[in-house]
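Listed below, chain by chain, are the residues.
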Amino acid sequence: MDLTVEGKAYIDGSFQDCCLGITDGKITAIKKILKGDKHITFSHKLILPAGIDIHVHFRDPGMTHKEDFSTGSLAAAFGGVSCYYDMPNTIPQTTDMLSLLDKINSSEKKSFVDFGIYSGISNRNIQNIAKIGEKCSGFKIYLGSTTNSLMLNSKNLRDVFKAANSTNKPILIHAEDDQCLINYKSDERNLTDHLKCRPSECEETAIKKILTSSKTSKNKIHICHLSSFEGLELLKDKQKNISCGVTPHHLLLNIEKNLSPKTWHKVNPPIRTDIDRAALFDGIQNGSIDVLESDHAPHTLDEKNIEFNDAPSGIPGVETLFPMFLYLAKKEKISFGRLISLFCENPAEIVNVPKGKLEIGKDADFIVIDYKDESKVKSEHLHSKCGWSPFEGWPAIFPTHVFVRGEKLIEEHEMLENQGFGRFVDKW
Ligand code: DOR
Ligand code: ZN
């Protein structure tokens, strides 16, 4: 064994004093006592699987003034995320083989942690789904318009599901119905206007269309960033291949709070009411929601600090998600078990990557936290290029150590590796 790691680790649903044996980047043994070529003991700390964020926008290529694979993946690493999945609404959009392969190449050179890359499905590339599906990590569909978005007409959903059947790749969907959004379109001066322009009815309409057109689909279908009470109701008895995710901002923020600056909190789908927020929080506790995803969507302060109507939508969050929820787990707002299902185990299953669990055969991706090491989110300490967070000042527990494939990436909050360490996880 190359390395053995000793401490209180989350194995099989509980924290146990044990040793993890690691060979060639994989967990190859879990025993009370193990000794490898190298042995590290973490006393008085907890060892958990690293997070998997299946929804980030790292803006590379085309908008690298907002973020790039290097800064985005650095932020991911410091937030305890060993693997991220990048969205296709870049410039150019990731909708064909060339843009996909370029993106994979570039992120292999720049990334600090492992990653997958999605391809977007628009009305124009449905006939290429099977081919692109051989190389991408999954597909993203936008049913409603948003930042630099690629649109799919919902009439084409059935054809898309049919074409994707041969690929065995997950399909992630932004569920806001464009026809519905058009009906409510008007000028916006504040977050209440933004919410009125994107009511939960539009989320409901989109989810209904997805549910009716996907009945015979064999692919995993993931409804991204669920935001409304009504949307969640529709998904309570969903088919086994359908999952849904929620973001920290939809779980922790609501329109009745005095959210300021307003444009920082402009996001699609919008921040809704406390009723929606509370229903979503119940959903993560009781298991009706499957995934926590950051939807890390950075825009610079210059871009955000303009007239509300013209400001872009999007909130950063890849570095703060896990640390804030680790703090909430410590405060017993959610159990460690649920948190690990939501941000490690379930995401890994959806994207089919051998990570997310401290189990023999999985990649040795884990984080170490010091339970007493509470700190506050401070933008100046975060690694995204955007330089701000809506969670400034919120309590969090940042991992002291992060391991990816058995390599120590972060030690005592310091990065030890270079960019380019990260690997594309779906290499054909
Ligand atoms: O608010 C959003 N921003 N929602 C999205 O769906 C896209 C994202 C972005 O890319 O900025
Ligand atoms: Zn997104």
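Right above here is the structure, for reference.
Residues numbered from 1 in each chain as written. Chains lettered and ligands numbered in written order. Predicted model: local features only at pLDDT ≥ 70, side-chain atom pairs only at ≥ 80, totals over all residues. Heavy atoms only, no water.

Caption draft 1: Structural context of the state of the cysteines. By the definition in use, this model includes one disulfide. Two residues, Cys180 and Cys202, share a disulfide whose sulfurs are 2.1 Å apart. What sets the handedness of the Cys180 and Cys202 disulfide is the S-S torsion sign, and at about -75° it is left-handed. Separated by 22 residues along the polypeptide, Cys180 in helix α5 (residues 178-184) and Cys202 in helix α7 (residues 200-213) bring together distant segments of the chain. With respect to class, Cys180 is no different from Cys202; both count as buried. In this structure Cys18 is not part of a disulfide, and its nearest cysteine sulfur, from Cys19, lies 6.7 Å away. Free of any disulfide, Cys224 has its nearest cysteine sulfur in Cys244, 10 Å distant. Overall, the relative accessible area of 2% leaves Cys224 in the buried class. (Disulfide = S-S within 2.5 Å. Helix = DSSP H or I, 4+ residues; strand = E, 2+ residues; numbered from the N terminus. Buried < 20%, exposed > 50% of the residue type's maximum accessible area, 1.4 Å probe, protein only.)

Caption draft 2: Main features of the sheet that holds strand β11 (residues 242-246). Here eight strands make up an open sheet; going across it, the order is β5-β6-β7-β8-β9-β10-β11-β12 and the pairing parallel. Edge positions in the open sheet fall to β5 (51-56) and β12 (291-292), since each of these has one partner strand only. Direction of pairing for β11 relative to β12: parallel, over a ladder of two bridges. Within β12, the position partnered with Gly245 by the bridge is Val291. Running at roughly 65° to β5, helix α13 (residues 336-351) makes contact with β5, β6 (81-86), β7 (114-120), β10 (221-223), β11 and β12 of the sheet. (Pairing = 2+ DSSP bridges. Contact = heavy atoms within 4.5 Å. Axes fitted to C-alpha atoms, helices over the stretch in contact; angles between N-to-C directions.)

Caption draft 3: Examining the site of ligand 1 more closely. Neighbouring ligand 1 are 13 residues; Arg59, Asn89, Thr147, Asn268 and Ser313 lie closest to it. Between ligand 1 and the protein, one listed contact pairs an oxygen atom with a side-chain N or O atom of His174 at 3.2 Å. Its residues assigned to classes, the shell around ligand 1 comprises three nonpolar, nine polar and one charged. (Near = heavy atom within 4 Å. Polar contact = N/O pair within 3.5 Å; in protein donor to acceptor, adjacent residues only side chain to side chain. Nonpolar A, V, L, I, M, F, W, Y, C, P; charged D, E, K, R; others polar.)

Caption draft 4: Fine view of the coordination of the zinc ion (ligand 2). Here the zinc ion (ligand 2) is held by the protein donor atoms His55 (NE2), His57 (NE2) and Asp295 (OD), which lie 2.0 to 2.2 Å from it. Residue His55 is classed as buried on the basis of its relative accessible area of 0%. (Donors = N, O, S within 2.8 Å, 3.2 Å for Na, K, Ca; no water.)

Caption draft 5: View of the sheet that holds strand β4 (residues 38-49). Read from one edge to the other, the open sheet built from eight strands follows the order β3-β2-β1-β4-β13-β16-β17-β18, with strand pairing classed as mixed. Sheet topology places β3 (26-31) and β18 (414-415) at the edges, where each strand pairs with a single neighbour. The pairing of strand β16 (residues 401-404) with strand β17 (residues 407-411) spans three bridges and is antiparallel. Across the sheet, Val404 pairs through a bridge with Glu407, a residue of β17. On top of the sheet, α13 reaches β1 (3-11), β2 (14-23), β4 and β13 (366-369); it is set at about 105° to β4, its chief contact.

Everything listed here is a matter of coordinates, which is why it stays silent on function.
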